[in-house]
Amino acid sequence: MIRNLKIRNFRGIKEGEIELDNLTIILGGNNAGKTAILESLFLLPNPFREVPYGALNTPLTTIHEIHKTLDSSGWAFFIYKYDSKTKAEIYWKSKSDNAERNLIMIPSGNSLFFTTKDINKFPSRSNTRAGNLNITYFGFADLSDTNLGLPSSQNKNILLAPNSLLISSEIIKFAERYMYTNWVTIANTKTPVEVARDISKYIWEDLVNITIEPYLGGKLSIFGLAKDGSRIRLGDLGSGAQIYIISKIIHEMYDPEILLWDDIEAHMNPKLLSRISEWFAELVEKGKQVIVTTHSLEAANMISSFNSNASILLLKLKDGILESKKMKSEELEELSLAGIDVRTAEGILL
Amino acid sequence: MNLYPLSYGYGAKVRGKMRRIDKRIVKEIFVDNKNIDSTLESLIILADGYRDDIAVGILSKHLDGKKLVGLVKSERTRISSIKNIPVYLSHLSKKQPLKNLVFIMDQENDTLEKIHSEIEKEINRVCNKQTKKVEKAERYFIYDCSLGRRKIKLVFIINGVDAIDTEKHSIEDHLLMAAEKLRISDINYLKTSKETWIKLEKESKSEKVYKKLLLDKKLAEEVFNQHFKGLKFIEY
């Protein structure tokens, strides 16, 4: 479990430090650094490792997809204000020991080089120079193109931090390809049946299983199999139902130590959100860590109501400086009774 | 005086109400979220009613200093709203301490003596014992309150006008007083001033009163006498 995270010059955050709990709900306005925090946690274990998003098969390509704008490409956006003379740094401490570990991204030429204090963990390393600095790196990404590079593909399998999985409505569709590729394994677990039964409590369709079968023209599709034998394509279910089904399946298969969920309320009916909140509580009971972001007080209250130890982290990002305030749900309720909405009062509360 | 409602939902309601009276006034009296940065000295706590915020909006326009004041609608009503004091002090004063809390509440059918005594009792529960009434007028009074090391002024404004014939005194007493002064119409008083005012609203006569109160500072000061004094205290 990661309990402390320090960020310097990563995306919109020039400087910031936060404390994390087993279940942390991050609240904040738009552009307050919520997604950047989740993305830093998604990168930490290894930016080049395999993640279950089909063509977006690394955290780097996944985050790239989220931020793609017109024809622009490359990872210069990882560096605060795209400044090629600055390095982006992420430091963390785990719950088990007090040692500080890091992931550093250093731009040089047209590349962003990835290094860490624990560089010796990587079987293959290379050297380069950035100005007067000698860098030993385990991988690189282009600043203005989509190329990624590793001295050896073995480097993909190294984990520097507890493995994490990022869920976001913007990337969830890419996991369909992962499900397709790994269908034999998935279908031989209880997960599709459990997820189908689970989702049936929250939608009008009465599903008993998830399948992959031919659709019109013989092309394959993911279906929900209904009790009466009829089938409905996954893409024809509501967005919230699709997100839940896919997230549950890829989570079961990928089995991360840390689940990161961006904008948890997006597309979610409160009933389904309540089920997801319960799921988070189950994960925390199993010793996993869950970190979610939201704009919704209702969502924050609901998620924390299932776990009395949940923390609510209110964020403010001004001139690149990240400030935070950690609260318990009772404090949020007290403030609400007193007429204060923490999302409006962030300028005064922090 | 510039107002900053500390809740999106409530803030939208207040802005909407003021916009219906005068579109321009909204930009004049309300401050945007982006400009808020730990500089709140005073907070107004509305502990009652639906129209109290309109009265506060009107008075903010007339108290034309540039002081920023927070505005909240407490879910704890009347005397119970005093229980919020520790919450305001512990959460809203990180960088610059809050100096004043202004409570606005209805008199209803209580005597002023009863209200004074209940408020004092509740303050003594929340604050340290050395609280002291520093100024007293019947419907406007101030206490010095210490809570731990913190010192704060508590300003109480009680809605109600003796001249208005009603079973329960509320902010609508003041609005009816304005309607009488403006000779808006013959007012047929119902059981409470609130019911009477709602009838005027249905007859579309209330907007005229609000508009006139926005334009006429002297009238607003006369009608919202205790509010004017209380808010002037935090403005200067």
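About the cut-offs
Residues numbered from 1 in each chain as written. Chains lettered and ligands numbered in written order. Predicted model: local features only at pLDDT ≥ 70, side-chain atom pairs only at ≥ 80, totals over all residues. Heavy atoms only, no water. Helix = DSSP H or I, 4+ residues; strand = E, 2+ residues; numbered from the N terminus. Polar contact = N/O pair within 3.5 Å; in protein donor to acceptor, adjacent residues only side chain to side chain. Contact = heavy atoms within 4.5 Å. Pairing = 2+ DSSP bridges. Axes fitted to C-alpha atoms, helices over the stretch in contact; angles between N-to-C directions. Buried area = accessible area lost by both parts, 1.4 Å probe. Salt bridge = Lys/Arg side-chain N within 4 Å of Asp/Glu carboxyl O. Nonpolar A, V, L, I, M, F, W, Y, C, P; charged D, E, K, R; others polar. Parallel < 35°, antiparallel > 145°, perpendicular 65-115°, else oblique. Left-handed = near helix turned anticlockwise from the far one by under 90°. Phe/Tyr/Trp six-rings, centres within 6.5 Å; stacked < 30°, edge-to-face > 60°. Buried < 20%, exposed > 50% of the residue type's maximum accessible area, 1.4 Å probe, protein only. Lys NZ or Arg CZ within 6 Å of the ring centre and 35° of its normal.

**Student:** Give a detailed account of the side chain of T24(A), specifying residues and quantitative values.
**Tutor:** Residues and elements named next belong to chain A. Looking at where T24 falls in the secondary structure, it is placed in strand β3 (residues 23–28). Within polar-contact distance, the side chain of T24 engages the backbone nitrogen of D21 at 2.8 Å. Non-local contacts of T24, meaning those with residues more than four positions away in its chain, are made with V290, I291, V292, S311 and L313.

**Student:** Could you give me a rundown of the sheet that holds strand β14 (residues 231–233) of chain A, with the residues and numbers involved?
**Tutor:** Paired through their backbone hydrogen bonds, the strands of a sheet run either parallel or antiparallel. Residues and elements named next belong to chain A. What the 3 strands build is an open sheet, ordered β12-β13-β14; its pairing is antiparallel. What marks the edges here is a single partner per strand, and that holds for β12 (207–214) and β14. This sheet shows a mean twist of 35° between the axes of neighbouring strands, independent of strand direction. As judged from the 7 bridges shared by β12 and strand β13 (residues 220–226), these two strands associate in the antiparallel manner. Bridge pairing in β13 links T211 to F223.

**Student:** Break down the interface of chain A and chain B for me, citing the residues and quoting the values.
**Tutor:** Contacts between the two partners involve 22 residues from chain A and, on the opposite side, 23 residues from chain B. Its largest share of buried area at the contact with chain B, chain A owes to L337(A), T344(A) and I348(A), together 33% of the area lost on that side. On inspection of chain A and its partner chain B, the count reaches 1 salt bridge. Here chain A is connected to chain B by 8 residue pairs in polar contact (both at pLDDT 80 or more). Of the residues forming the side of chain A that touches chain B, the biggest block, 5 residues, is contributed by helix α9 (residues 329–337) of chain A. In terms of residue class, the side of chain A that touches chain B is built from 9 nonpolar, 4 polar and 9 charged.

**Student:** Outline the packing of helix α7 (residues 270–285) of chain A against helix α8 (residues 297–305) of chain A, listing residues and values.
**Tutor:** All names here are of chain A. As a packed pair, α7 and α8 sit with axes 8 Å apart at the nearest point and diverge in direction by 40°. Considering the angle they form, α7 stands oblique to α8. Of the two possible hands of crossing, α7 and α8 adopt the one that is right-handed. Contacts between α7 and α8 pair P270, L273, S274, S277 and F280 from the former with E298, A299, M302 and I303 from the latter. Its residues placed into classes, the contact of α7 with α8 shows 6 nonpolar, 2 polar and 1 charged.

**Student:** Summarise the packing of aromatic side chains; cite the residues concerned and give the values.
**Tutor:** Residues and elements named next belong to chain A. For the structure on display, the rule yields 19 aromatic pairs over all chains. On the numbers, 6.2 Å between centres and 80° between planes, the contact of Y137 with F140 is edge-to-face. On the basis of relative accessibility, which here comes to 24%, the residue F140 falls in the partly exposed class. Each member of the aromatic cluster is reached from another via a ring pair, and the members are F48, F114, F122 and F138. Just above the ring of Y91 sits the side chain of K6; from NZ or CZ to the centre is 6.0 Å. The ring of Y215 carries the charged tip of R233 above its face, separated from the ring centre by 4.4 Å.

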